[in-house]
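Residue-level listing of the chains:
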Amino acid sequence: MVLILNCNINYRMRKIILIGVLLSLFNVIEAQERRFRPEEEFDSFDRRHDTLSGAQRKSTGIKNIKNVNAKIEDYLIISHLNDTVHVDTTLTIKKEYKFNYLRKDNFGLIPFANLGQTYNRLTQDFQSTDLIPKFGARARHYNYMEIEDINYYRVPTPLTELFFKTAFEQGQLADSFFTVNTSPQFNFSIAYKGLRSLGNYQHQLTSTGNFRFTTNYSTKKKLYHFRGHIVMQDLLNQENGGLRGDMIDNFENGVPEFIDRSLLEVNFENAESILKGKRFHIDHIYNIIRKKDSLSKNKLSIRHIMSFKDKFYEYNQTAANSIFGVASSSAIKDKVTLENFYNQLSLNYSNDIIGDLQFNVSHNNYNYGYNSLFRDEGNNTTIINRLKGEILSAGGKYRKQFKKFELQGEMGLNVSGDFEGNFLRADATFKLKEDVFAKASINHNAHAPNYNMLLYQSKYINYNWQNGFNNIESQQLAFQIKYKDYLDIAVDYSTVNDYVYFAEDTQTSFVRPFQSSESISYLRIKLVNELKYGKFALNNTVLYQNVQNDNNIYNVPQLITRNTLYFSSHLFKKAMFLQAGVTLNYFTKYYMDAYNPLLAEFYVQNEKEYGGFPRLDFFVNAKIRQTRIFLKAEHFNPTITGYNYYSAPNYPYRDFVVRFGLVWNFFL
């Protein structure tokens, strides 16, 4: 079995490398984006390092079409919300923060020891527009690409992104991307992100793949617009249950014999879990009345969104383990599936006086569950195997710009079906001065808990349940004010009622979902600023949190901070741009959530506090033409500050390691 697994992994990595080589033959560019959302409107964008060579500017097509006006700003990326982005080849501190497995800033998350494993959250935003439950195994979804993670493109020449980063022990992380406009109206892109990492601890291998294909098309007269994507993903993790109890002292005391982490015993070495899914998504719009010029006042269009997703989570264990209690079979194979078919039809009207209006109706067909019923002989009850049905929803959106003031609103309501749900969100944005931006928002949401909290089946007897929980209700009030890059303050206050969470049952000591009758109050204050002096800069992100709940069912650290002191300068007659510095990550001690690999969920524990350990990273990054090189000594301080660091109870954080990577950019 191990031989077969290794063969499959080697084949996958050969495929990734082959794709990267083939894409490089197109001689095109890697692109990273700069988003022009309202709250980022005043982000500085230093074009001094965003370069295109003269030769690259001359070639703009596949058929030797010359276009001397091709600029880096012409390489456009469009989000699912139609926010426009363009290529950004600069080297900034934000690029350092995003150079990781998720390829996004992971402030507020702490990763597990191996690349491709889960993350423990240190903070949470309760703003939501969900109307139906989410699929379970949420700990496995950090690298699962949803609709909002897929972008669309419009480029004057072919565009490529080649990303590489070393992993832990054997393996590497690679992400290859290619897009081209075959005409001004038609674009397609194809990408594959693959990872294999053995890890430093026993039975910790990860192997993941994310395939993406997108396309978009517009008629010449802009009457019809179409875009769609296909995404196929498989995320495999070996599970070991964390360090065995008698190994904790050996780890925390830094016993020399066990600095080789493969010698530390884990709870089991015979389990693995996989999250696998595919999605087919179409979004198209027809303009019935189109604004032809600046004098036109009305616009009317009809839009249709169709999305089908099919996914499953499976936990396999060759022999049952007493950690999870008694099992009904010697080997464990738990598999749960979800099929969801979604359609939305909307009518959009725009007028210079009243603004932009949308009315929509949605239909959701869902089928979640297992292949057989479960009979609880002890309680003489039968647990069903399926949650399936249809939901009809209605909603609307509104947007209006008043000079420097912008108002946006959105609402939705489940009209019929087994799940009740509703949400309301409103945002008010104001440009106080040229460099000062302010925003206020309010959000209300009520939706059913995740599917695995309502229904779960397992070969382990104590992990079977069927619940009729109330909807989780949340309200949030948020404010933000920003002045250039010097100061960005965000404050939000949330209240949550009927909160549903995982915790150990006091009677059985096994994990199961519970619903609280108490209200949770949650305050967050986040400060982001950067201070510069000559070629030196100090970048700070600080988050203060305060939670009020009687039974400690929701725990987060009171303070999270990330501080980076770095140096930036051109070298060798500006042939290279260098950035080097030190980053400190720290969060205060708190009752950190524990991890259950069977459920792939975190659960509340109030027995021991974790945290309070600094993580120091030293990095040297460089940009040479369109190539960015990243070198980092991660967590280099354990020999000084000690070995008491965890991502979750019994799951140690990463040790000191030096890792290398690059992002390779080309223009045709």
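The rules we used
- Residues numbered from 1 in each chain as written.
- Predicted model: local features only at pLDDT ≥ 70, side-chain atom pairs only at ≥ 80, totals over all residues.
- Heavy atoms only, no water.
- Helix = DSSP H or I, 4+ residues; strand = E, 2+ residues; numbered from the N terminus.
- Buried < 20%, exposed > 50% of the residue type's maximum accessible area, 1.4 Å probe, protein only.
- Core = buried A, V, L, I, M, F, W, Y, C linked by side-chain atoms within 4.5 Å.
- Contact = heavy atoms within 4.5 Å.
- Polar contact = N/O pair within 3.5 Å; in protein donor to acceptor, adjacent residues only side chain to side chain.
- Salt bridge = Lys/Arg side-chain N within 4 Å of Asp/Glu carboxyl O.
- Phe/Tyr/Trp six-rings, centres within 6.5 Å; stacked < 30°, edge-to-face > 60°.
- Patch = residues over 30% accessible without salt bridge, like charges linked within 9 Å, V, L, I, M, F, W, Y side chains within 5 Å.
- Areas by Shrake-Rupley, 256 points an atom, 1.4 Å probe, with all protein chains shown as cover.
- Pairing = 2+ DSSP bridges.
- pLDDT = per-residue confidence, 0-100.

### Topic: the environment of Glu504
Piece 1. Along the polypeptide, Glu504 turns up in strand E26 (residues 500–504).
Piece 2. Note on Glu504: relative accessible area 36%, which makes it partly exposed.
Piece 3. Between the C-alpha atom of Glu504 and that of Tyr603, which follows or precedes it by 99 residues, the distance is 7.6 Å.

### Some remarks on unusual backbone geometry
With the exception of glycine, the majority of residues adopt a negative phi angle, and the majority of peptide bonds are in the trans configuration.
Piece 1. Phi at Arg103 is positive, roughly 60°, even though this residue is not glycine.
Piece 2. On the secondary structure map, Arg103 appears in the loop between helix H3 (93–98) and strand E4 (109–111).

### A short note on the nonpolar core
Piece 1. Counting residues in each nonpolar core, the largest one holds 58 residues, and the members touching the most others are Tyr313, Tyr315, Tyr368, Tyr463, Tyr499 and Tyr595.
Piece 2. The dominant element in this core, judged by the number of residues it contributes, is E26, at four residues.
Piece 3. In contact with Tyr499, other than residues within four places in its own chain, are Arg121, Phe126, Ile472, Phe514, Gln515, Ser516, Ile520, Ile553 and Tyr554.
Piece 4. Membership of the second largest hydrophobic core comes to 23 residues, among which are Phe107, Leu264, Met592 and Tyr646.

### Observations regarding the environment of Asp74
Piece 1. With respect to the element layout, Asp74 can be found in the loop between helix H2 (54–58) and strand E2 (76–78).
Piece 2. In terms of polar contacts, Asp74 uses its side chain to reach the backbone amide nitrogen of Lys71, at 2.8 Å.

### Notes on the pattern of salt bridges
Should their charged atoms come close, side chains of opposite charge can pair.
Piece 1. Following the criterion strictly, the structure yields 25 salt bridges and no others.
Piece 2. A salt bridge links Asp310 to Lys278, with the shortest nitrogen-to-oxygen separation between them at 3.4 Å. Within this pair, whereas Asp310 is found in strand E13 (residues 298–317), its partner Lys278 is found in strand E12 (residues 271–289), the two being separated by 32 residues in sequence.
Piece 3. The salt bridge partner of Glu406 is Arg399, with a shortest N-O separation of 2.8 Å.
Piece 4. What makes Glu406 buried here is its relative accessible area of 11%.
Piece 5. Salt bridges sharing common partners tie together Arg103, Glu161, Asp175 and Arg212.

### Observations concerning the packing of aromatic side chains
Piece 1. The final tally for this structure, using the stated rule, is 48 aromatic pairs.
Piece 2. Taking the centre distance of 5.0 Å and the plane angle of 40° together, the rings of Phe112 and Tyr651 count as tilted. Residue Phe112 is located in the loop between E4 and strand E5 (119–121), and its partner Tyr651 is located in strand E37 (residues 651–652); the two are separated by 539 residues in the primary sequence. Exposure class is identical for Phe112 and Tyr651. Each is buried.
Piece 3. Ring geometry for Tyr119 against Tyr142: centres 5.5 Å apart, planes inclined by 55°, an arrangement best described as tilted.

### What about the side chain of Asn555?
Piece 1. Among the structural elements, Asn555 can be located in the loop between strand E29 (536–548) and strand E30 (559–571).
Piece 2. Engagement of the side chain of Asn555 in a polar contact is seen with the backbone oxygen of Asn552, the distance being 3.4 Å.
Piece 3. A polar contact is formed between the side chain of Asn555 and the side chain of Asn606, at a distance of 3.1 Å.
Piece 4. Residues contacting Asn555, with those up to four places away along its chain left out, are Arg121, Tyr590, Tyr591, Val604, Gln605 and Asn606.

### With respect to the environment of Asn443
Piece 1. Structurally, Asn443 is set in strand E21 (residues 436–447).
Piece 2. Judged by its relative accessible area of 2%, Asn443 is buried.
Piece 3. C-alpha of Asn443 to C-alpha of Glu410: the two residues are 33 residues apart in sequence and 9.5 Å apart in space.
Piece 4. When neighbours within four sequence positions are excluded, Asn443 is seen to be in contact with Phe126, Gln127, Ser128, Leu424, Arg425, Ser474, Gln475 and Gln476.
Piece 5. For Asn443, the side chain forms a polar contact with the main-chain oxygen of Ser128, separated by 3.1 Å.

### Some words on a nonpolar patch on the surface
Piece 1. On the surface, a cluster of nonpolar side chains totalling about 660 Å² of accessible area is made up of Leu223, Tyr286, Ile288, Ile289, Ile302, Leu345, Leu347 and Val361.
Piece 2. The set of elements that each furnish at least two residues to the nonpolar patch consists of E12 and strand E14 (332–351).
Piece 3. Among the elements that take part in the nonpolar patch, E12 stands out by supplying three residues, more than any other.
Piece 4. Here Ile302 lies in strand E13.

### What about the pairing of strand E20 (residues 422–433)?
Piece 1. The sheet contact formed by strand E19 (residues 405–416) and E20 spans nine bridges and is antiparallel. Across the sheet, the residue bridging to Gln408 is Asp427, located in E20.
Piece 2. Counting the residues in the hairpin turn of E19 and E20 gives five residues, including Gly417, whose phi is positive at 125°.
Piece 3. The antiparallel pairing of E20 with E21 creates a hairpin that spans two residues between the two strands.

### With respect to the confidence of the model for the chain
Piece 1. Looking at the chain, the pLDDT average stands at 89 and 89% of residues meet or exceed 70.
Piece 2. The low-confidence segment residues 1–11 (pLDDT under 50) makes seven contacts with residues lying over four places distant or belonging to another chain.
Piece 3. Here residues 13–51 is a poorly scored stretch, pLDDT under 50, and it has 129 contacts once near neighbours within four places are set aside; other chains count.

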